[in-house]
Amino acid sequence: MSRAYLTFKYAFIAVWASFVAGPFVWALTTSFKDANGVQGGATYLPWVDYKPTTRGWQDIFGGEGGVNVIQPFLNSLQITVLASAISLVLGSLAAYGLSRYTYRIGRMKNADIVFFFVSQRIMPPIVLVIPFFFLLQFAGLLDSIPGLVIVTVALLLPIAVWVMVDFFNNIPREIDEMAMLDGCHPFAAFVRTILPNSLPGITVAAMFCAVFGWNDFFFAFRLTFTEVQTLPQAVVALNSSIPPWWTLSAASLFGISPLVLLAVWVERYLSRGNLAGAVR
Amino acid sequence: MTKHRRAKLAAALAVSALAVTACSAGGGGSGASKPDKPAKFAPGSDISYTKYGSNYPSTTVKDVPGPCSYESISKKDYSGRTLRVISHAVPVMGEPTQLHAKQFAELTGAKVDVVNVPFGELYQKILTPLQAGQPAYDVMFYPSLWIGDMAPYLAPVPQKYLDTAQMKDVTKAYMQVATWNGKVVQYPVDGDRHYLKVRSDIIDSPKWQAAYKAATGKTLEVPKTWEEYQQIAQFFSGKDWSGSGKLNYGSAEVTKRDDLMFSAFISRAAAYAKNPNVKTGFFFDVDTMKPEINNPGFVRALTDFVKAKSTWPPGGANFGLGDEIFSFGGGQTLMSYSWDDAFIQAQQPDSKIRNEVEAAQLPGATQVWNRDTNQWDTPASINQVPYFTWGWTSAVAKDSKQQTMAFDFLCFFSNDANTALDLTIGRFGINPYRNAHFDAAFWEKQGWSKQTAETYVKTLSDMEKSPNRVFDLRVPGVNQYMSSLANGVADAISGQKQPQQALDDVAKEWNDITTQVGKDKVQAAYRNVVALENG
Amino acid sequence: MDGMRRYKSMFLLPGLLTLFIIIIFPLLFTIRVSFSGWNVSNPHMDFIGGANFVRMLADHRFWASILRLILLAGGTVLIEYVLGFALALMVWRNVRGQRVWRVLFLVPMMTTPVVMAAIWQTIFNESLGPVNDLLGRVGLPTVQWLTSTGPATVALMTVEIWQWTPFMFLLLLAGLLSLSKEPFMAAAIDGAGPVRTFFKVTFPLMAPVSVTALIIRLIEASKMSDSVYVLTSGGPGSSTETPGYYLYIRGLKEQQTGYAGSLSLTYLVLMIVTLTIVSRLLVRTLKTRTG
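On a predicted model such as this, the values are computed, not experimentally measured, just so you know. (Residues numbered from 1 in each chain as written. Chains lettered and ligands numbered in written order. Predicted model: local features only at pLDDT ≥ 70, side-chain atom pairs only at ≥ 80, totals over all residues. Heavy atoms only, no water.)

## Notes on helix 1 (residues 3–30) of chain A
Residue and element names in this part refer to chain A. Selection criterion: Note on conventions: DSSP H or I runs of at least 4 residues are helices, E runs of at least 2 residues are strands, and numbering of each starts at the N terminus. One fewer than the residue count of a helix, multiplied by 1.5 Å, yields its expected span. The bend at a residue is defined as the angle formed between two axes, one fitted to the seven residues ending at that residue and one fitted to the seven starting there. Relative accessibility decides the category of a residue: with a 1.4 Å probe and only protein chains considered, values under 20% of the type maximum give buried, values over 50% give exposed, and everything between is partly exposed.
Along its 28 residues, helix 1 runs 39 Å from first to last C-alpha, staying within 8% of the 40 Å computed at 1.5 Å per residue. At Ala21, helix 1 shows its maximal kink, close to 40°; a proline, Pro23, follows between one and four residues later. Within helix 1, burial applies to Lys9, Ile13, Trp16, Ala17, Val20, Pro23, Phe24, Trp26, Ala27, Thr29 and Thr30.

This is the structure in structure tokens:
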């Protein structure tokens with residue numbers, strides 16, 4: 001590699017890294033401001049440009065604003081974990097079926113069925129939300145965690161199927177055939193031999209499920225009243241006509257922290273090369 | 001089996017008997033409520049918010065005796081019951097809701113669940129469950145102009161609350177705002193209007209008065225017409241008159257399309273299009289329901305609005321209410337007109353421009369459009385039209401099973417002690433709506449200068465006296481009308497359309513909306529608004 | 001192998017049925033409601049024929065938003081692809097601090113879009129935000145980020161690119177890591193330089209991953225609306241309105257459920273057709289190039 005290319009490469013990486021980190025740094029510094037640190041124009045350095053205060057951080061844990069992010073955090077965690085787990089189970093079963101058997105439903109073949117799954121993501125959320133409201137009302141599940149889990153599964157299942165089909169397609173059929181020749185029941189073959197070989201694929205699928213489940217605001221917001229509040233809702237509840245930038249920043253940073261840990265975890269798989277086949 | 005059931009029945013009877021005796025003994029409590037418990041507050045105790053957070057002002061007020069006082073409410077026992085409340089995002093209206101919910105829970109033992117929602121989402125969040133017949137909230141805080149859509153789902157305020165001293169002190173205009181077809185269905189908790197706010201330190205400074213005279217040949221004073229407003233704003237734009245080393249600007253206005261820009265436009269249009277001699281409506285001709293939104297009065301206002309662009313600070317064409325408050329309250333702009341919030345923000349104890357601001361009526365116009373004669377009238381004095389912009393209100397759902405507790409919460413929320421404290425906290429968004437609040441001495445006690453306090457109180461109370469005024473379009477489907485209006489105004493400001501064309505298109509859409517919602521329904525509702533407009 | 005057949009429906013059906021049950025009612029509901037005059041003061045399923053569709057034909061805001069989306073989503077996804085590919089190549093191998101860069105480059109896609117949009121709004125705030133402040137410090141003129149059409153579009157695209165380039169990056173990096181070494185060795189023996197190797201070996205080998213990544217991102221980008229809502233609320237005028245946001249205004253903000261139903265249905269059909277064509281084209285082009 002030439003020197004010029006190397007310089008260019010590290011410059012590019014540095015520029016992009018600052019672009020990525022910029023908003024986080026800005027949110028971090030803003031979270032320690034108060035009205036006087038915001039109103040006069042942009043300020044950056046605590047103690048130099050403005051007088052730092054921890055008010056924003058106090059406020060999100062049940063301080064004066066009456067906002068507390070702890071319960072919403074736990075709700076989001078439950079919903080995300082449950083919905084991801086259900087989607088992964090249903091999704092990998094369906095994906096395995098689609099990669100191993102030939103289906104025909106009316107005129108739909110395998111590829112069309114996969115497209116049916118994926119096409120659910122094309123639906124604008126607004127098409128779904130009002131009918132979902134009536135569905136959950138009918139089932140008595142409005143404003144409840146089970147209700148939100150069901151809805152979230154509808155959003156996550158397509159992603160799980162999409163990731164897993166590609167993945168299973170890359171696992172040689174010989175593996176399952178061998179297991180079945182040994183007298184394994186197809187489900188047993190799937191659980192004992194295929195799944196252990198699919199951890200990287202499951203990791204990717206789980207990550208996508210976690211990301212989209214955790215970050216859903218649209219549905220959680222409209223299908224709950226007072227009992228169940230998720231974390232994005234708690235953050236958005238701070239976006240008032242006088243937005244307290246400091247509290248908003250503190251709440252945002254708190255809200256995204258769990259998924260940053262997820263990024264570290266995913267990267268570990270990536271570096272080991274385990275994710276290799278997952279997206280082919 | 002039978003024995004068991006009989007025992008249960010006996011127990012139930014015993015419980016209800018107890019409840020009945022409690023009722024007759026305690027008096028005032030409704031059928032289902034538990035016996036009163038001892039009060040936690042002595043009559044007339046000192047009330048302050050300091051125990052709820054170190055940032056609350058240290059002001060102390062006296063608990064005023066009455067059915068809604070700390071003392072009376074603390075006697076109620078609502079333990080084991082839950083009150084579900086929806087309110088605006090924190091802090092505006094959301095923070096006082098949270099605070100008073102916490103206090104109410106401590107006093108009565110009730111569980112109070114509050115959910116906070118951004119402004120743009122509140123409408124659907126409240127209306128979707130109401131329309132689906134899903135009881136979601138007992139108490140709702142929302143902008144009062146939605147009354148036309150909300151009224152069918154609201155429980156009228158019971159007489160015993162209407163008879164309280166604190167309710168009787170609410171000004172006539174705000175009682176009217178709370179009333180729908182002769183019934184009080186909204187519980188007043190806030191009073192709002194648009195008025196003009198200026199930096200008195202600059203307007204009164206001889207140095208700037210001389211400079212202004214030299215540049216324009218006119219005397220610098222608080223603008224009385226929109227023309228003067230524009231001229232002053234223009235002169236002070238792009239100059240560092242605050243001495244901060246940064247440029248300052250003339251005017252901060254709410255201009256973000258899907259924020260509250262429609263209210264800013266109505267403020268600008270009121271003086272041009274509300275003729276005291278035309279008594280058949282501001283937005284429509286109420287007899288035919290023909291939209292008036294594209295008449296020359298409104299077009300003139302929109303032309304002004306577009307011209308004002310040059311006096312706005314950077315980003316001024318996308319200002320939400322929060323930006324306007326930061327811009328004026330933070331000392332960046334000379335003038336602004338909208339709700340009380342920016343003014344109260346400027347008057348916070350830690351504000352850099354405290355007591356350097358004053359309030360005045362919205363600018364007027366020397367000419368006003370007369371649609372009966374199809375020409376501009378030139379009244380003897382300037383046509384000045386107050387705009388009773390929507391404010392926050394509260395209501396109890398008709399299908400709520402906790403109505404007594406809900407109304408007790410609202411009466412506690414707005415009791416004299418709470419209101420006095422809430423008024424002084426700018427970010428709460430609670431503004432004067434009772435006669436007692438129009439008292440300069442009260443504001444001077446909060447550390448306001450005499451000039452600031454007096455102009456503020458006078459501006460507010462004068463509005464109540466005017467017989468020629470504008471209210472919001474309080475009809476079913478109001479959000480559609482206002483969304484269409486905001487879209488047209490935004491098209492003109494961005495230069496996509498000429499003002500006349502933009503408003504013609506709005507008028508066309510308004511006709512469609514009227515047809516969709518039902519002409520009779522809108523017309524009946526608008527007749528009530530027209531009655532308000534003419535005092 | 002016959003034993004397997006019996007179980008084949010048991011693999012697919014649980015997932016398929018779950019999705020079908022959850023999705024079919026909303027779809028039928030939307031079709032039905034699009035022929036009704038359901039709105040805030042008349043929340044009933046009456047029948048008004050095709051009136052909503054007639055109204056839609058003359059709705060310039062709707063059609064303009066669709067055209068805008070094609071440019072906005074298409075442009076954004078293309079830029080994300082190029083940037084994501086470049087970044088993936090750069091941290092693929094032979095780089096210092098590899099793991100730090102990889103984690104950092106992944107993080108934005110993990111964040112909540114509505115929440116980040118609120119942060120971005122403070123960043124682009126024209127008088128209080130850091131972007132204009134920094135421009136001013138280096139002597140450049142300030143920009144009307146949220147109040148004039150061009151810059152507002154740039155601001156929106158910036159936010160989308162910040163959030164979703166990591167998605168491309170992840171898929172493409174995983175793809176690169178799975179490539180076998182032989183084709184590269186062969187190219188090296190032929191004496192191909194880095195540029196030639198990229199176009200003759202890397203790019204063609206990456207075609208399948210590229211197609212998947214592009215299509216998934218197009219699907220997600222077509223729903224773009226959170227960032228529009230928070231940053232510009234469609235302005236100035238209606239010059240940054242996307243269909244997702246416009247549907248939201250009509251359907252939820254104004255509660256015109258019936259009319260929004262007909263808009264959504266039309267939009268859904270248009271998107272399915274467009275995305276099908278685009279994906280067929282992508283597959284064909286990239287496959288032919290792969291030879």
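## Comments concerning the interface of chain B and chain A
Quick note on the threshold: The contact criterion used is simple: two residues touch if any of their non-hydrogen atoms lie within 4.5 Å. Summed over both partners, the accessible area (1.4 Å probe) lost when two parts come together is defined as the buried area. Any carboxyl oxygen of Asp or Glu within 4 Å of a side-chain nitrogen of Lys or Arg constitutes a salt bridge here. A 3.5 Å cut-off defines polar contacts: any pair of N or O atoms within that distance qualifies, except that in protein one atom must be a possible hydrogen donor and the other a possible acceptor, and neighbouring residues in sequence count only when both atoms are side-chain atoms.
On the chain A side, the residues contacting the 42 residues of chain B number 33 residues. The contact between chain B and chain A buries some 3100 Å² in all, and 56% of this surface belongs to carbon and sulfur atoms. The three residues of chain B that bury the most area against chain A are B:Val90, B:Lys125 and B:Phe326, which together make up 19% of that side's buried surface. Taken together, the links from chain B to chain A amount to 1 salt bridge. A salt bridge links B:Glu121 to A:Arg222; its shortest N-O distance comes to 2.6 Å. The interface formed by chain B and chain A includes 7 residue pairs in polar contact (both at pLDDT 80 or more). For the side of chain B that touches chain A, the secondary-structure elements that each account for two or more residues are strand 3 (82–88), helix 3 (94–108), strand 4 (111–117), helix 4 (119–132) and helix 14 (321–329) of chain B. Ranked by residues supplied to the side of chain B that touches chain A, first place goes to helix 4 of chain B with 6 residues.

## Considering the nonpolar core
The tendency in soluble globular proteins is for nonpolar side chains to be buried as a group. So the rule is basically this: Among buried residues, those of type Ala, Val, Leu, Ile, Met, Phe, Trp, Tyr and Cys that are joined through side-chain atoms within 4.5 Å constitute a nonpolar core. Residue ranges assigned to the domains are those given by an automatic or database domain assignment.
Grouped together as the largest cluster of nonpolar side chains are 369 residues, with contacts concentrated most on A:Phe208, B:Trp510 and B:Tyr526. If one sorts the elements of this core by residue count, helix 7 (residues 145–169) of chain A sits on top with 18 residues. Both of domain 1 (40–188 + 391–431) and domain 2 (195–386 + 459–533) of chain B provide at least three residues apiece to this core. Ignoring any residue separated from it by four or fewer positions in sequence, one finds A:Phe208 in contact with A:Ile159, A:Trp162, A:Val163, C:Met109, C:Phe167, C:Leu170 and C:Leu171.

## Looking at the packing of helix 4 (residues 70–100) of chain A against helix 9 (residues 186–197) of chain A
Residue and element names in this part refer to chain A. In plain terms, the rule: Note on geometry: axes are lines fitted to C-alpha atoms, helical ones only across the stretch in contact, with angles between N-to-C directions running from 0 to 180 degrees. Roughly parallel refers to an angle under 35 degrees, roughly antiparallel to one over 145, roughly perpendicular to one between 65 and 115, and oblique to any angle outside these ranges. Only Asp, Glu, Lys and Arg are considered charged in this grouping, and only Ala, Val, Leu, Ile, Met, Phe, Trp, Tyr, Cys and Pro are considered nonpolar; every other residue, Gly among them, is considered polar.
Where helix 4 meets helix 9, the closest approach of the two axes is 12 Å, and the angle between their N-to-C directions is 100°. As far as their axial angle goes, helix 9 and helix 4 are roughly perpendicular. Of the residues in helix 9, those in contact with Ser92, Leu93, Tyr96 and Arg100 of helix 4 are Phe187, Phe190 and Ile194. Its residues placed into classes, the contact of helix 4 with helix 9 shows 5 nonpolar, 1 polar and 1 charged.

## Observations regarding empty space enclosed by the protein
Which entries qualify depends on this criterion: A 1.4 Å probe that fits into a set of points on a 1 Å grid over the protein atoms alone but cannot get out defines a cavity; an open set with protein on both sides within 12 Å along at least five of seven lines defines a pocket, and lining residues are those with an atom within 4 Å of a point. Grid points are joined across faces, edges and corners, and a volume is the space filled by probe spheres set on the points.
Inspection of the entire model under this criterion finds 17 cavities of 30 Å³ or more. Roughly 860 Å³ of internal volume is contained in the largest cavity. A:Pro125, A:Phe218, C:Pro113, C:Lys223 and C:Asp226 are the residues nearest the centre of the largest cavity, which is lined by 42 residues in total. Looking at the lining of the largest cavity residue by residue, the class counts come to 26 nonpolar, 7 polar and 9 charged. Taken as a whole, the second largest cavity encloses approximately 650 Å³ of empty space. Along the wall of the second largest cavity there are 40 residues; nearest its centre are A:Asn239, B:Lys256, B:Asp259, C:Gln121 and C:Val230. Elements that contribute at least two residues to the lining of the second largest cavity include exactly helix 12 (231–236) and helix 13 (245–271) of chain A, helix 4 and helix 14 of chain B together with helix 5 (113–124) and helix 11 (226–231) of chain C. The greatest single-element share of the lining of the second largest cavity, amounting to 6 residues, is contributed by helix 5 of chain C.

## Points about the sheet that holds strand 9 (residues 195–199) of chain B
Residues and elements named next belong to chain B. Heads up, the condition is: Here, any two strands with at least 2 DSSP bridges between them count as paired.
The strand order across the open sheet formed by 4 strands is 10-13-9-14, and the pairing between neighbours is mixed. In the strand order of this sheet, the two ends are held by strand 10 (249–252) and strand 14 (357–360), each with one partner. Across this sheet, the average inter-strand angle for adjacent strands is 20°, counted without regard to direction. Two elements, strand 10 and strand 13 (residues 333–338), share 3 bridges in a ladder whose sense is parallel. Directly across from Ser251, in strand 13, lies its bridge partner Met335.

Limitation: the analysis is restricted to geometry and does not speak to function.
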